[in-house]
Amino acid sequence: MNNAVLHVSEVQKSFGGLRALTDIELQVEKGKTHAIIGPNGAGKSTLLNVCIGRLPPDSGTVTFDGHLITGRPPYEINQLGVARVFQTPEIFPDLSLLQNVMVPAFAKRDGTFRMSALSSLEKETDLRDEAEKLLEDVGLLQFYAKLASSLSRGDKRRLELAMCLIQHPKLLLLDEPTAGMSRHDTNRTIDLLKQIKERGMTKVIIEHDMHVVFSLADRISVLAQGKIIAEGTPDEVRGSPRVQEAYLGGAH
Ligand SMILES: Nc1ncnc2c1ncn2[C@@H]1O[C@H](COP(=O)(O)OP(=O)(O)OP(=O)(O)O)[C@@H](O)[C@H]1O
């Protein structure tokens, strides 16, 4: 695939005697939404952590936007344009929602962020306007002055999404972005992620909710026991007997 912005090649990762990833090949095309699905313990989060530099692979390479990023620390990979939303949201609990969204933009622009600079943050009207717009997009504007610690888990997830979007990443990695959300909020998040796609952002989504996967994905890779057992369009994956046997089953 010539237009791949993310290319994972021959990646292996073990934890002691457990092989979490075996010979992983993944190519994510620019501007597309690529879902990674698979049963619990299949290796999805491990793969994402390898891509963002949180875990070094035992062997193999990860290339992003022409840069070899294998073994580089997470902040360097982030500076290259990779942002991610985690299963457990990583937010600043003692800051307001608005401050939470502004901090990553400030940090990206200046390279570092000092808490002492926080009071000057809110005087940056362009940044503040953009942060408010993003809070509106994720449905949290009415709570902008509240402390982030007061939010539900699903709302923290949406706050973290806004914190990612203000960085204007080239690649957004989402680990179960709708977990803990009501069906209404899930659908709202799907709509938001569709809008982001229209802006040309590439996304990799790990998701258990097949409604979310089939609403958003251009391509799907299926992981089972650390191996990619299928890759293709949603229709191809849905029709694969191997996938049905390994994962989708009757329940999905
Ligand atoms: N830091 C770690 N140390 C030891 N084993 C780990 C570690 N992280 C993951 N594992 C193991 O590696 C395997 C893959 O885990 P991983 O979390 O990547 O799966 P997953 O597909 O994301 O699962 P889930 O859908 O439940 O989040 C599992 O057997 C898990 O127990």
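Rules used throughout
- Residues numbered from 1 in each chain as written.
- Predicted model: local features only at pLDDT ≥ 70, side-chain atom pairs only at ≥ 80, totals over all residues.
- Near = placed C-beta within 6 Å.
- Helix = DSSP H or I, 4+ residues; strand = E, 2+ residues; numbered from the N terminus.
- Nonpolar A, V, L, I, M, F, W, Y, C, P; charged D, E, K, R; others polar.
- Buried ≥ 20, exposed ≤ 12 C-beta atoms within 10 Å, placed from the backbone.
- Contact = placed C-beta atoms within 7 Å.
- Pairing = 2+ DSSP bridges.
- Axes fitted to C-alpha atoms, helices over the stretch in contact; angles between N-to-C directions.
- Right-handed = clockwise from strand over helix to strand, strands pointing away.
- Expected span 1.5 Å × (residues − 1).
- Arc of directions from axis to C-beta.
- pLDDT = per-residue confidence, 0-100.

## Thoughts on the site of the ligand
Phase 1 of the analysis: Close to the ligand lie F15, L18, A20, G38, N40, G41, A42, G43, K44, S45 and T46, which account for all nearby residues.
Phase 2 of the analysis: Elements that contribute at least two residues to the shell around the ligand include exactly β2 (18–29) and α1 (44–51).
Phase 3 of the analysis: Sorting elements by how many residues they give to the shell around the ligand places α1 first, with three residues.
Phase 4 of the analysis: For the shell around the ligand, a count of residues per class yields four nonpolar, six polar and one charged.

## Topic: the environment of P169
Phase 1 of the analysis: Here P169 is to be found in the loop between α6 (153–165) and β7 (171–175).
Phase 2 of the analysis: Using a count of 21 C-beta atoms within 10 Å as the deciding quantity, one classes P169 as buried.
Phase 3 of the analysis: Linking P169 and V243, residues 74 residues apart in sequence, is a C-alpha distance of 32 Å.
Phase 4 of the analysis: Aside from chain neighbours lying at most four places away, what touches P169 is G81, V82, A83, C164 and M201.

## Some words on the sheet that holds strand β8 (residues 202–206)
Phase 1 of the analysis: Taken together, six strands build an open sheet; the order of strands is β6-β7-β8-β3-β9-β10 and the sheet is mixed. Edge positions in the sheet fall to β6 (82–85) and β10 (227–232), since each has one partner strand and no second. In this sheet, neighbouring strand axes are inclined to one another by 15 degrees on average, regardless of whether the strands run parallel or antiparallel.
Phase 2 of the analysis: Relative to β7, β6 runs parallel, the two sharing four bridges. Residue pairing in the sheet places A83 in a bridge with L172 of β7.
Phase 3 of the analysis: Seen against the sheet, α1 touches β3 (33–37), β7, β8 and β9 (219–224) and runs at an angle of roughly 150 degrees to β7.
Phase 4 of the analysis: Each of β6 and β7 is contacted by α6, which is oriented at about 175 degrees to β6, the strand it contacts most.

## Some points on the pairing of β7
Every other side chain in a regular strand lies on the same face of the sheet, so the side chains alternate between the two faces.
Phase 1 of the analysis: The buried fraction of β7 is high, at five of five residues.
Phase 2 of the analysis: Of the two faces of β7, the one holding L171, L173 and D175 and the one holding L172 and L174 are both buried throughout.
Phase 3 of the analysis: Relative to β8, β7 runs parallel, the two being bridged by five bridges. Note on β8: the bridge partner recorded for D175 is I206.
Phase 4 of the analysis: In this fold, β7 hands off to helix α7 (residues 183–198), which returns the chain to β8; that crossover is right-handed.

## Brief notes about the environment of G239
Phase 1 of the analysis: Among the secondary structure elements, G239 is positioned in the loop between α9 (234–238) and α10 (241–248).
Phase 2 of the analysis: Classification of G239 as exposed rests on a count of 12 C-beta atoms within 10 Å.
Phase 3 of the analysis: For the pair G239 and Q142, spaced 97 residues apart in sequence, the C-alpha to C-alpha distance is 43 Å.

## A look at α7
Phase 1 of the analysis: For α7, which comprises 16 residues, the first-to-last C-alpha distance of 23 Å matches the rise-based estimate of 22 Å (1.5 Å per residue) to within 8%.
Phase 2 of the analysis: Turning to α7, its buried residues number three or more, namely T189, L193 and I196. The buried side chains of α7 occupy one side of the element, clustering within an arc of 55 degrees when seen end-on. The outward face of α7, more than 90 degrees from its buried face, is lined by the exposed residues R183, H184, D191, K194, Q195 and E198.
Phase 3 of the analysis: Where α7 is buried, its residues contact α6, β8 and α8 (210–216).

## Digging into the confidence of the model for the protein
Phase 1 of the analysis: Residues at a pLDDT of 70 or more form 90% of the protein, whose mean pLDDT is 87.
Phase 2 of the analysis: Scored by ipTM, the complex comes to 0.97, with pTM at 0.88.

## Structural notes on unusual backbone geometry
Phase 1 of the analysis: Even without a glycine there, the phi angle at D65 is positive, about 50 degrees.
Phase 2 of the analysis: Summarising the element assignment, D65 is placed in the loop between β4 (59–64) and β5 (67–68).
Phase 3 of the analysis: Phi is positive for H168, which is not a glycine, with a value near 45 degrees.
Phase 4 of the analysis: Looking at where H168 falls in the secondary structure, it is placed in the loop between α6 and β7.
Phase 5 of the analysis: Judged by the 13 C-beta atoms lying within 10 Å of it, H168 is partly exposed.

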